[in-house]
Every structure is written in C-alpha cells, then in structure tokens.
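# Report on the structure
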Amino acid sequence: MYPENLKYTTEHEWVRTPGDAEGSVRVGITDFAQDALGDIVYVSLPQVGDAVTAGETCGELESTKSVSDIYAPVTGEVVATNAALDTTPELVNSDPYEAGWLFEVSVADASEVEGLLDAGAYQAGLEG
C-alpha cells in the first residue's frame, strides 16, 4: 500500500531519494495523510532558498475539513517546489506519490534520510 522505495515520517510525510537536484530529496504526504485531510483546496509551501529543520513546520495544507501543518522530514535548503499545486492543489489527493509532491530539499546530512521509517515500519505504526 505504501511504496517501498520511499522513506516515511511519523507525521505522514514521505521522502524520495534522489530528487531532481543533486543531493536533494523530494517530499510529499502519504496516501493515509491525504485521505485523512479530505479534499485539499490550498497548499502553502516553503520558498526556494528557505532553510528547513527536520521536525519543524515549513508549510500548510488546507482542506475542506481543516488546516494541517507540513513538517520538514530532513534539515536542509529548499531547492524546488511543485508549482502545479498553486492552481491544482487537488493533485495532492489524486496522486500523492507522483504529481502531488510538495517540495525538494538539498539535504545537509544524508544520514537523516536513512534514519526515517521504511514502508513496513510506517504501515506498522498506522496499524499499532
């Protein structure tokens, strides 16, 4: 149910290595998270060049139900954002692992990515 090639956080973000830029990772939210949020109507992302810190909020997802924080899964600098979400935020719902990605981060310490959950551990946490 959750792609094996991704890493996950307990806050329901996923990380794909590598991102488009060298040394970067791509970040999004899981299918579980988008389903729990409901229809996403607005996405507020960090700006390119912003520094983000693992575990700290760096954006918001607004749905018809609520507003939810986006947490940085790793520490680094934002090197890209998904501009398509400005006009079609519902991509987060319809395709959370591909077209609905959120942003990319140039990772300060690659070991942070290795410390994230694998698909099995993430799913076990949901079921526990």
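Residues numbered from 1 in each chain as written. Predicted model: local features only at pLDDT ≥ 70, side-chain atom pairs only at ≥ 80, totals over all residues. Heavy atoms only, no water.

## Side note on the UniProt feature "modified residue: N6-lipoyllysine" (unreviewed entry) in the protein
What counts, and what does not: UniProt positions are given in the numbering used here, feature names are shortened, and annotations may be inferred rather than shown by experiment. Put simply, DSSP marks the helices as runs of H or I at least four residues long and the strands as runs of E at least two long, and each gets a number from the N terminus on. Per-residue accessibility, obtained with a 1.4 Å probe over protein chains only, is compared with the maximum for each type, and a residue is labelled buried under 20%, exposed over 50%, and partly exposed between these values. Residues are treated as being in contact if the distance between any of their heavy atoms lies within 4.5 Å. Within 3.5 Å is the distance limit for a polar contact, defined as a pair of N or O atoms, with the added protein rule that one can donate a hydrogen and the other accept it, and that residues adjacent in sequence qualify only through two side-chain atoms.
UniProt marks K65 with the feature "modified residue: N6-lipoyllysine" (unreviewed entry), using the numbering shown here. Along the chain, the position of K65 falls in the loop between β6 (57-63) and β7 (67-71). Of the residues examined, K65 reaches a relative accessible area of 60% and is grouped as exposed. Those residues in contact with K65 that sit more than four places away from it in its chain are D35, A36, L37 and G38. At 3.4 Å, the side chain of K65 and the backbone oxygen of A36 are in polar contact.

## Examining the UniProt feature "domain: Lipoyl-binding" (unreviewed entry) in the protein
Under the UniProt annotation, the feature "domain: Lipoyl-binding" (unreviewed entry) is placed at residues 24-106. End C-alpha atoms of residues 24-106 are separated by 4 Å, and the span's content is 18% helix alongside 42% strand.

## Brief notes about the pattern of salt bridges
We count it as follows: Whenever Lys or Arg places a side-chain nitrogen within 4 Å of a carboxyl oxygen from Asp or Glu, that contact is recorded as a salt bridge.
Throughout the structure, instances matching the rule amount to two salt bridges. Of the charged contacts, one joins R16 and E98 as a salt bridge, the two residues approaching to 3.4 Å between their closest N and O atoms. Placement of the pair is R16 in strand β2 (residues 13-16) and E98 in the loop between α3 (91-94) and β9 (103-107), with a sequence separation of 82 residues. Its relative accessible area of 14% is what places R16 among the buried residues. The exposure class assigned to E98 is partly exposed, which follows from its relative accessible area of 46%.

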